[in-house]
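Geometric and topological summary
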Amino acid sequence: NNIGRQLTFYDLIYDVEVLKFVFGIILMPIVCFIGIVTNALSILTIRSQISSLKKEKCQQNAANKKQILIYLKLNAWNNLLFCLLFIFKPITDCVETNSIFCSAFYFKRISSYYFIFGLNFLGNALKIGSNFTSLCFSFVRYAFTSGIDSKYKFVGRMIRYNPNRVFAVFFALGLII
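Residues numbered from 1 in each chain as written. Predicted model: local features only at pLDDT ≥ 70, side-chain atom pairs only at ≥ 80, totals over all residues. Heavy atoms only, no water.

For the protein chain, the helix and strand inventory stands at 5 helices and 2 strands. Going from N to C terminus, the protein chain has its helices and strands arranged as α-α-β-β-α-α-α. When burial is assessed residue by residue, the protein chain has 33% of its 177 residues classed as buried. Considering only residue pairs separated by 6 or more positions, the protein chain has 68% of its internal contacts joining residues 24 or more positions apart. With an accessible surface of roughly 11900 Å², the protein chain has 65% of that area assigned to carbon and sulfur atoms. (Helix = DSSP H or I, 4+ residues; strand = E, 2+ residues; numbered from the N terminus. Buried < 20%, exposed > 50% of the residue type's maximum accessible area, 1.4 Å probe, protein only. Contact = heavy atoms within 4.5 Å. Areas by Shrake-Rupley, 256 points an atom, 1.4 Å probe, with all protein chains shown as cover.)

Following this line, the structure appears as structure tokens:
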């Protein structure tokens, strides 16, 4: 019977709170669980691909593929840890204190610490690390497929860096920033 009725400001606020409940409380853990499973499967697949590269005859080609796969594995680890952090985000949420949903942990100090240090601080560092590993993966893949590594000194140096060190530097920068 609400068809044709003028929505009030409070109706809109309630509708936003319901959407916040559906997307933030119900869907967030489901999406994070799917992210954990897919990233774990990616890590296992990449690990087997790296071990099969040892049998390849062309050492330079295998080294190039291995470096690309290491960046992909680091990215999958980043995303897996990010999903592990955010699967517990509903404990830091309260949608309408007296009605829709309010976590039993919401008013506890540990919930605030988890939100500030876990989700905001570490979550942002993981996002920065994930973005930089994606960027490095794309850059290295482009350098290997186009053959520009021998033309430019910067590119040649960049693709020879150890991917684990590059990740450590970018993750540390994410923690500082």
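There is more to say after this.
It is worth spelling out the nonpolar core at this point. Counting 18 residues, the largest nonpolar core has Cys32, Ile36, Ile50, Leu69, Leu85, Phe86 and Phe171 as its most contacted members. Looking at this core, the elements that each hand over two or more residues are helix H1 (9-53), helix H2 (59-86), helix H3 (109-146) and helix H5 (163-176). The biggest single contributor to this core is H2, with 7 residues. Those residues within four positions of Phe171 in sequence are excluded, and the remaining contacts are Leu122, Ala125 and Leu126. Formed by 8 residues, the second largest nonpolar core is a distinct cluster that contains Cys136, Phe137, Val140 and Phe170. (Core = buried A, V, L, I, M, F, W, Y, C linked by side-chain atoms within 4.5 Å.)

Before going further, it helps to spend a moment on the environment of Gly123. Structurally, Gly123 can be placed in helix H3. As a C-alpha pair, Gly123 and Phe82 span 41 residues in sequence and 6.0 Å in three-dimensional space. Filtering out sequence-adjacent residues up to four positions away, Gly123 remains in contact with Phe82, Leu85, Phe86 and Gly118.

Turning next to the pattern of salt bridges. Taken as a whole and assessed by the stated rule, the structure comprises 1 salt bridge. A salt bridge links Lys89 to Asp93; the shortest N-O distance between them is 3.1 Å. Here Lys89 and Asp93 have matching classes, each one buried. (Salt bridge = Lys/Arg side-chain N within 4 Å of Asp/Glu carboxyl O.)

What follows covers the packing of H3 against H5. In the contact formed by H3 and H5, the axes pass within 8 Å of each other and the chain directions differ by 145 degrees. With respect to the hand of their crossing, H3 and H5 are arranged in right-handed fashion. When H3 is examined against H5, the residues Phe121, Leu122, Ala125, Leu126, Ile128, Phe132, Thr133 and Cys136 are found in contact with a partner set consisting of Val166, Phe167, Phe170, Phe171, Gly174 and Leu175. (Axes fitted to C-alpha atoms, helices over the stretch in contact; angles between N-to-C directions. Left-handed = near helix turned anticlockwise from the far one by under 90°.)

Bringing the packing of aromatic side chains into the picture now. Throughout the structure, instances matching the rule amount to 2 aromatic pairs. Ring geometry for Tyr113 versus Phe117: centroids 6.2 Å apart, planes at 35 degrees, classification tilted. Note that Tyr113 and Phe117 are positioned in helix H3 at a spacing of 4 residues, about one turn of the helix. (Phe/Tyr/Trp six-rings, centres within 6.5 Å; stacked < 30°, edge-to-face > 60°.)

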